[in-house]
Amino acid sequence: DLESSEQEGREYIMHLDKMAGLRKNRASLAEWAYTSNITQENEAKRIQVQLELSKQEKQAWEETKMYRWQDFQDFSLRRMFKKYSQLGVSALPDDKYKLLMQSVSDMESNYATAKICSFKNETKCDLALEPDITEIFAKSQDPDELKHTWVEWHRAAGARARNNFTQYVELDNEAAKLNGYKDVAEWWQSEYEVKDFEEQLAKLWEDVKPLYQQLHAYVRKRLRDKYGEHIVSARGPIPAHLLGNMWAQTWNNIESFTRPYPDKKEIDITKTMKEQNYTALRMFQMSDEFFRSLNLTAMPEKFWQNSIIEKPTDREIVCHASAWDFYDGEDFRIKQCTTIDYEYFQTTHHEMGHIQYFLQYKQQPVVFRDGANPGFHEAVGDTIALSVSSPKHLRRVGLVKGDADDEQTEINQLYKMGIDKIVFLPFAYVLDLFRYGVFRGSTTPEDYNCHYWSLRDSLQGIEPPVNRTEEDFDAAAKYHVSADVEYARYYVSFIIQFQFHRALCQLAGEYEPEDPNKKLVDCDIYQSVNAGNALSTMLRLGSSRPWADAMEALTGQRRMDAGGLLEYFRPLHDWLAAENMRTGEYVGWEPSKMQYC
Ligand SMILES: C=C(C[SeH])C(=O)N1CCC[C@H]1C(=O)O
Ligand SMILES: [Zn+2]
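Residues numbered from 1 in each chain as written. Chains lettered and ligands numbered in written order. Predicted model: local features only at pLDDT ≥ 70, side-chain atom pairs only at ≥ 80, totals over all residues. Heavy atoms only, no water.

Description of the site of ligand 1
Okay, step 1: By nearness alone, every residue bordering ligand 1 is listed as Gln249, His320, Ala321, His350, Glu351, His354, Glu378, Phe424, Lys478, His480, Tyr487 and Tyr490.
Okay, step 2: When ligand 1 is considered free in solution it has 370 Å² of accessible area, and contact with the protein chains removes 83% of it.
Okay, step 3: No other element matches helix α13 (residues 342-360), which puts three residues into the shell around ligand 1. (Near = heavy atom within 4 Å. Areas by Shrake-Rupley, 256 points an atom, 1.4 Å probe, with all protein chains shown as cover. Helix = DSSP H or I, 4+ residues; strand = E, 2+ residues; numbered from the N terminus.)

So, in structure tokens, the structure goes:
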């Protein structure tokens, strides 16, 4: 009868979940071994382990089909079976599975080991993305050096991935169909468990676009003042190589010469960190201390023993920052190539947020040890970092000397946050709009670059520094495209982190909508156990409930909306609109004159 088969189902699925935990532990260890020491041998071992595990997953999947779990009464039991009924890429036959793993692995190791020659010394050809190329983009104000570096990186990391990428798309789409999806785009979007996900992304962009256009116009004017109108036009897109970041996804490296009130004292965190002899370890310890101040969980001993927080000198590793759950309840790690600067100060909190989420949900069955949706996992660390980046907190930790918070200082602060958070949204939106088109077949290999730059031009108001052809493949010059990592998660994160921040600030007594002494921009939830407990309540759920339930637990809302972000940046939006009016700057951009189709 149904009762006993539900009980049998429960016993079966709990056993299967334990086995899955052992499998995921083995997979993570093999993946870690490879990405922390890129060699042919470790790559082969990783693929071998993945293949073995995929056979075991297929076996387990066959068994779940024997249970009529759709009729079970218990919500959690049904949800566990539903998740285990998704086989994933293991649904591919062995030969295609191996080919898919190899294609992605080749793209990822190409990206991780790519080197280019220096502009200033063309015999020096050992420049890596981290730290060398990143440092050039952070510091250089020579348009020719930036153009050279941009072009060479996009050749080495983008064009070279084109064939592997095409093979990966074909095979991943086959796997999607074997899982009952039309294509990978539908498969990726199913992670968000709402029918109208893509419409929601478009609505969010409509809400934020006016603010972005004002910020884009203001920055374009300041760049034109600096570089001249033969490099930065008055009404066109901004050239991608002038924004302090290889992908123009955050513009914080050009803050020093574009901020609204240059005569106000500069808050140069990077400089202060170096003056105070910050080390990578100290950045991690400060982040850990912030989480503990919220009554959240301290990093376990194994975290400090096993993490890699600085780039090794004796081997090649995947430097792109990552946080790892080894699914045994004890082993959690971060791997990143920390440099002592503001950007890595943010990244460290970002990655520690992932680890805190792992710690908060480690009591859950393995299958629920995941973010409520992928955007939640990306939002935890950033939400904490919103407090850490506040002038109040920076003063608390001595990274900023005391300063009366006048209106001009506040605009400078909002500008600093805006060139990080507002400008990121169209970048993130473009990256997956582009890949949705590729997976759906509306973008073919013959028009990869044309479609990528058409989106970059129309949505982000960015243009390539030189003409592009289909010999190039610029999308893959971004880690997540070369490493098969979905990106809408960050777009979601940059929206919901402001909903989380607003709720936490109210719980911490740091923010009151009508109280001018409790502004959102200067909220710091540090040491608020009240806020921390509410955050813990949400995080402990993992993916055991639909994400609307998780969001409601913390914010009282059940939908993502741009209201939090727009409220936070309201004073900046008003200031930018007035400033662009004053200077007569054209708001928006005409299509680029560069050739890319
Ligand atoms: C730090 C990570 C690892 Se999950 C990352 O990839 N991020 C964090 C912010 C956006 C995105 C990026 O670097 O493109
Ligand atoms: Zn992340």
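Some thoughts on the side chain of His377
Okay, step 1: On the secondary structure map, His377 appears in helix α14 (residues 374-388).
Okay, step 2: Owing to a relative accessible area of 9%, His377 belongs among the buried residues under this scheme.
Okay, step 3: Filtering out sequence-adjacent residues up to four positions away, His377 remains in contact with His354, Tyr357, Phe358, Tyr361, Asp370 and Gly371. (Buried < 20%, exposed > 50% of the residue type's maximum accessible area, 1.4 Å probe, protein only. Contact = heavy atoms within 4.5 Å.)

Some thoughts on the packing of helix α20 (residues 488-507) against helix α22 (residues 547-555)
Okay, step 1: Relative orientation of the contacting elements α20 and α22 amounts to 35°, with a least axis distance of 9 Å. Residues Ile496, Gln499, Phe500, Ala503, Leu504 and Leu507 of α20 pack against Met551, Leu554 and Thr555 of α22.
Okay, step 2: Considered class by class, the residues forming the contact of α20 with α22 number seven nonpolar, two polar and no charged. (Axes fitted to C-alpha atoms, helices over the stretch in contact; angles between N-to-C directions. Nonpolar A, V, L, I, M, F, W, Y, C, P; charged D, E, K, R; others polar.)

Focus on the state of the cysteines
Okay, step 1: If you walk through the whole model with that rule in mind, you get four disulfides.
Okay, step 2: A sulfur-sulfur distance of 2.1 Å marks the disulfide that ties Cys117 to Cys125. Between Cys117 and Cys125 the sulfur-sulfur dihedral comes to about 105°; the bridge is accordingly right-handed.
Okay, step 3: You can call Cys117 partly exposed: its relative accessible area is 27%.
Okay, step 4: Along the protein, the cysteines that take part in disulfide bonds pair up as 1-2, 3-4, 5-8, 6-7, counted in sequence order. (Disulfide = S-S within 2.5 Å.)

Structural notes on unusual backbone geometry
Okay, step 1: Cis geometry is adopted by the peptide bond preceding Pro131, which originates at Glu130 and carries an omega value of 0°.
Okay, step 2: Take Pro131: it is sitting in helix α5 (residues 129-139).
Okay, step 3: With a phi close to 60°, Tyr327 is a non-glycine residue in the positive phi region.
Okay, step 4: Note that Tyr327 resides in the loop between β2 (322-325) and β3 (332-335).

As for the environment of Ala112
Okay, step 1: Note on placement: Ala112 falls in helix α4 (residues 94-113).
Okay, step 2: Separated by 77 residues in sequence, Ala112 and Thr35 have C-alpha atoms that sit 9.1 Å apart.
Okay, step 3: With residues near it in sequence (within four places) discarded, Ala112 still touches Ile38, Glu316, Ile317 and Val318.

Structural notes on the environment of Ser109
Okay, step 1: Along the chain, the position of Ser109 falls in helix α4.
Okay, step 2: Between the alpha carbons of Ser109 and Ala157 there is a distance of 9.9 Å; along the sequence they are 48 residues apart.
Okay, step 3: The residues contacting Ser109, other than those within four sequence positions of it, are Tyr34, Ile38 and Glu43.
Okay, step 4: Among the polar contacts listed, one links the side chain of Ser109 to the side chain of Tyr34, at a separation of 3.4 Å. (Polar contact = N/O pair within 3.5 Å; in protein donor to acceptor, adjacent residues only side chain to side chain.)

Points about the coordination of the zinc ion (ligand 2)
Okay, step 1: At 1.9 to 2.0 Å from the zinc ion (ligand 2) lie its protein donor atoms, namely His350 (NE2), His354 (NE2) and Glu378 (OE).
Okay, step 2: Along the chain, the residues donating to the zinc ion (ligand 2) fall in the pattern H-x3-H-x23-E. Taken together, the residues His350 in helix α13 and Glu378 in helix α14 connect sequence positions 28 residues apart.
Okay, step 3: Residue class for His350 comes out buried when judged on its relative accessible area of 12%.
Okay, step 4: With relative accessibility at 6%, the residue Glu378 sits in the buried group. (Donors = N, O, S within 2.8 Å, 3.2 Å for Na, K, Ca; no water.)

Description of α14
Okay, step 1: At Val380, α14 is bent by approximately 35°, the largest bend along its length.
Okay, step 2: The buried fraction of α14 is high, at 15 of 15 residues.
Okay, step 3: One side-chain oxygen of the residue at the start of α14 lies 2.6 Å from the amide nitrogen of Gly375, identifying that residue as Asn373. (Bend = angle between axes of the 7 residues up to and from the residue.)

Digging into the packing of aromatic side chains
Okay, step 1: In total, this model carries 45 aromatic pairs according to the counting rule given.
Okay, step 2: Ring centres 6.3 Å apart and planes at 20° place the aromatic pair Phe332 and Phe358 in the stacked group. With a gap of 26 residues between them, Phe332 in strand β3 and Phe358 in helix α13 connect regions that are remote in the sequence.
Okay, step 3: Judged by relative accessible area, which is 8%, Phe358 ranks as buried.
Okay, step 4: Here Phe424 and Phe494 contribute two aromatic rings whose centre-to-centre distance is 4.0 Å and whose plane-to-plane angle is 20°, an arrangement assigned as stacked. Note that Phe424 is positioned in helix α17 (residues 424-440) and Phe494 in helix α20, a separation of 70 residues in sequence. (Phe/Tyr/Trp six-rings, centres within 6.5 Å; stacked < 30°, edge-to-face > 60°.)

Observations regarding the pattern of salt bridges
Okay, step 1: Under the definition given, this model contains 44 salt bridges.
Okay, step 2: With its nearest N and O atoms 3.0 Å apart, the salt bridge here joins Lys221 to Asp225. Of the two residues, Lys221 and Asp225 both sit in helix α9 (residues 197-227), four residues apart, roughly one turn of that helix.
Okay, step 3: Among the ionic pairs, Asp472 bridges to Arg468, the shortest N-O distance being 3.6 Å. Grouping residues by exposure puts Asp472 and Arg468 together as buried.
Okay, step 4: One continuous salt-bridge network, built from bridges that share partners, spans Arg545, Asp549, Glu552 and Arg558. (Salt bridge = Lys/Arg side-chain N within 4 Å of Asp/Glu carboxyl O.)

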